[in-house]
Amino acid sequence: MATGSSNSRVEAYKEKWGPKIDRYKRVWGRFAQHRLGVIGLFILVMYVLWAIVPGWFAPHSTEWTAYLGTEPGRMTPQQIDSLPHPPAFGDPFFAPMGTTDQGKDVMTELVYSAQNAMYIALAAGLLSSLVGVPLGLISGYYGDTWIDESIQRLADITYGLPFLPLLIVLVAIRGVSTTNIILGIVVKSWVNNCIIIRGETLSLKERSYVESAKVAGASDTRVIFRHILPNVLPLTFVYLAQDAAGAILAEASLAYLGLSDFTAYSWGIMLEQIQNRGFVFEAWWWLLPPGIAITMIAGAFYFIGFSMEDVANPQR
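On a predicted model such as this, the values are computed, not experimentally measured, just so you know.

Criteria and cut-off values
Residues numbered from 1 in each chain as written. Predicted model: local features only at pLDDT ≥ 70, side-chain atom pairs only at ≥ 80, totals over all residues. Heavy atoms only, no water. Helix = DSSP H or I, 4+ residues; strand = E, 2+ residues; numbered from the N terminus. Rg over C-alpha atoms; globule rule 2.2 N^0.38 Å. Contact = heavy atoms within 4.5 Å. Lys, Arg positive; Asp, Glu negative; His and termini not counted. Charge placed at Lys NZ, Arg CZ, Asp CG, Glu CD. Buried < 20%, exposed > 50% of the residue type's maximum accessible area, 1.4 Å probe, protein only. Core = buried A, V, L, I, M, F, W, Y, C linked by side-chain atoms within 4.5 Å. Axes fitted to C-alpha atoms, helices over the stretch in contact; angles between N-to-C directions. Parallel < 35°, antiparallel > 145°, perpendicular 65-115°, else oblique. Left-handed = near helix turned anticlockwise from the far one by under 90°. Nonpolar A, V, L, I, M, F, W, Y, C, P; charged D, E, K, R; others polar. Salt bridge = Lys/Arg side-chain N within 4 Å of Asp/Glu carboxyl O.

**Student:** Is there a simple way to think about the overall build of the protein in this case?
**Tutor:** Per the secondary structure count, the protein includes 11 helices and 2 strands. Secondary structure elements in the protein, listed N-terminal to C-terminal, are α-α-α-β-β-α-α-α-α-α-α-α-α. Computed over the C-alpha atoms, the radius of gyration of the protein is 25 Å, more than 25% above the 20 Å expected from 2.2 N^0.38 for a compact globule of 316 residues. For the protein, the spread of C-alpha atoms along the principal axes amounts to about 85 × 65 × 30 Å. Long-range contacts, defined here as pairs at least 24 residues apart, represent 69% of the contacts in the protein between residues at least 6 apart. Taken together, the 22 basic and 25 acidic charged side chains of the protein have centroids lying 13 Å from each other.

**Student:** In this structure, what is going on with the environment of Arg30? I would like to understand it.
**Tutor:** Mapped onto the secondary structure, Arg30 falls in helix H1 (residues 2–32). On the basis of relative accessible area, Arg30 is assigned to the partly exposed category, the value being 23%. As for Arg30 and Tyr302, which are separated by 272 residues in sequence, their C-alpha atoms are 17 Å apart.

**Student:** In this structure, what is going on with the nonpolar core? I would like to understand it.
**Tutor:** With 34 residues, the main nonpolar core has Tyr47, Met118, Trp267, Trp286, Ile297 and Phe301 as its most contacted residues. If you list the elements that add at least two residues to this core, you get helix H2 (35–52), helix H4 (106–141), helix H9 (220–256), helix H10 (267–276) and helix H11 (284–311). Counting residues per element, this core draws most heavily on H11, at 9 residues. Excluding residues that lie within four positions of it along the chain, Ile297 makes contacts with Tyr47, Ala117, Met118, Ile248 and Trp267.

**Student:** Honestly, the side chain of Thr99 in this entry has me stumped. Any pointers?
**Tutor:** Position of Thr99 among the secondary structure elements: in the loop between strand S2 (94–95) and H4. The exposure class assigned to Thr99 is buried, which follows from its relative accessible area of 0%. Residues within four places of Thr99 in sequence aside, it is in contact with Ala66, Leu83, Pro84, His85, Phe93, Lys104, Val106 and Trp285.

**Student:** Even after reading the chapter, I still don't get the packing of H4 against helix H5 (residues 146–160), so can you show me in this structure?
**Tutor:** The relative placement of two packed helices comes down to the angle between their axes together with the axis-to-axis distance. Running from N to C, H4 and H5 point in directions that differ by 140 degrees, and their axes come no closer than 8 Å. In terms of orientation, H4 lies oblique with respect to H5. Handedness of the crossing formed by H4 with H5: left-handed. Of the residues in H5, those in contact with Leu135, Ile138 and Ser139 of H4 are Ile147, Asp148, Ile151 and Gln152. Of the residues that constitute the contact of H4 with H5, the class distribution is 4 nonpolar, 2 polar and 1 charged.

**Student:** I would appreciate a short explanation of unusual backbone geometry in the present structure.
**Tutor:** Trans peptide bonds make up most of the peptide bonds, and negative phi angles are found at most residues other than glycine. Going from Leu83 to Pro84, the amide bond is cis rather than trans, its omega being -5 degrees. Note that Pro84 resides in the loop between helix H3 (77–81) and strand S1 (88–89). Residues other than glycine seldom take positive phi values, yet Tyr67 does so here, at roughly 75 degrees. Assignment of secondary structure puts Tyr67 in the loop between H2 and H3. According to the relative accessible area criterion, Tyr67 is partly exposed, its value standing at 27%. With a phi angle near 65 degrees, Asp144 is a residue other than glycine that sits in the positive phi range.

**Student:** When you look at the pattern of salt bridges in this model, what are you seeing that I'm missing?
**Tutor:** Any two side chains of opposite charge can pair if their charged atoms end up close together. Per the counting criterion, the structure on display carries 4 salt bridges. The salt bridge partner of Arg277 is Asp101, with a shortest N-O separation of 2.7 Å. Residue Arg277 is found in the loop between H10 and H11, and its partner Asp101 is found in the loop between S2 and H4; the two are separated by 176 residues along the sequence. Judged by its relative accessible area of 17%, Asp101 is buried. A salt bridge links Arg198 to Asp148; the shortest N-O distance between them is 2.8 Å. Pair noted here: Arg198 is in helix H7 (residues 178–204) and Asp148 is in helix H5, with a separation of 50 residues, a long-range link. A relative accessible area of 1% places Asp148 in the buried class. Connected via shared salt-bridge partners are Glu149, Arg153 and Asp156.

Honestly, it's all geometry; don't read function into it.
In structure tokens:
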């Protein structure tokens, strides 16, 4: 009796979740055909792990200092003169990517900076989608009306503003903090989402299933969010990835210009420090890692976005 009941539950589970699992397998199969997408996903997973458990990957804690470790004290004049120190593997200390001029381990700062980068990327990308996608849906659904005109004029004004100068002004007015940097990025980046989703909505609202829903008495809200939104979600994932990459580059640019939260670890701040302290041409081990990290994570988001765009293409 118990065996029969268990078998029935398994069959019910397969009937409910089997089609969804098969659908996800097909999506992954198409995504896996794009090598750049898989490489981007691998890089992104690595950075996510750095952000979640940095202590597993960083050689030292953030309090560690060359020659002294985590113990308070003073370095000798000879030790101070040797900084920034090139990569060392146990003699006189362990710093596989070398140190800064303050004796901080470059690899430790690199790993701990991933948390800030992922936070800014995901927060800015999600907020841009949460603002741009609904406005694009509403604008497209009410095309050629005052609602559409109002949203599009707002988009035109925002689109015409130069990106980096706008961010600099917003951050300068509201103060230098990670939250303000994210808000400044979102003010500009929602526009592309809105324009693309509007164009797709203009096409989808003429489809027969949308007309059928209207005839059946469905409200505008239900038609937009129940029948049109699911069909534009693949595009939202594509532009979310691109917005995330843009947010990381924007934050790095602001940090390099000195408009960033210097209490947080950031790859852009690492570049600003080496430039400000005059070691650009002397300490390559300090200069290259943050630049490569920024390039890799931005490339990872772009690779994933381009691959998702092909996977989500309805013509395929």
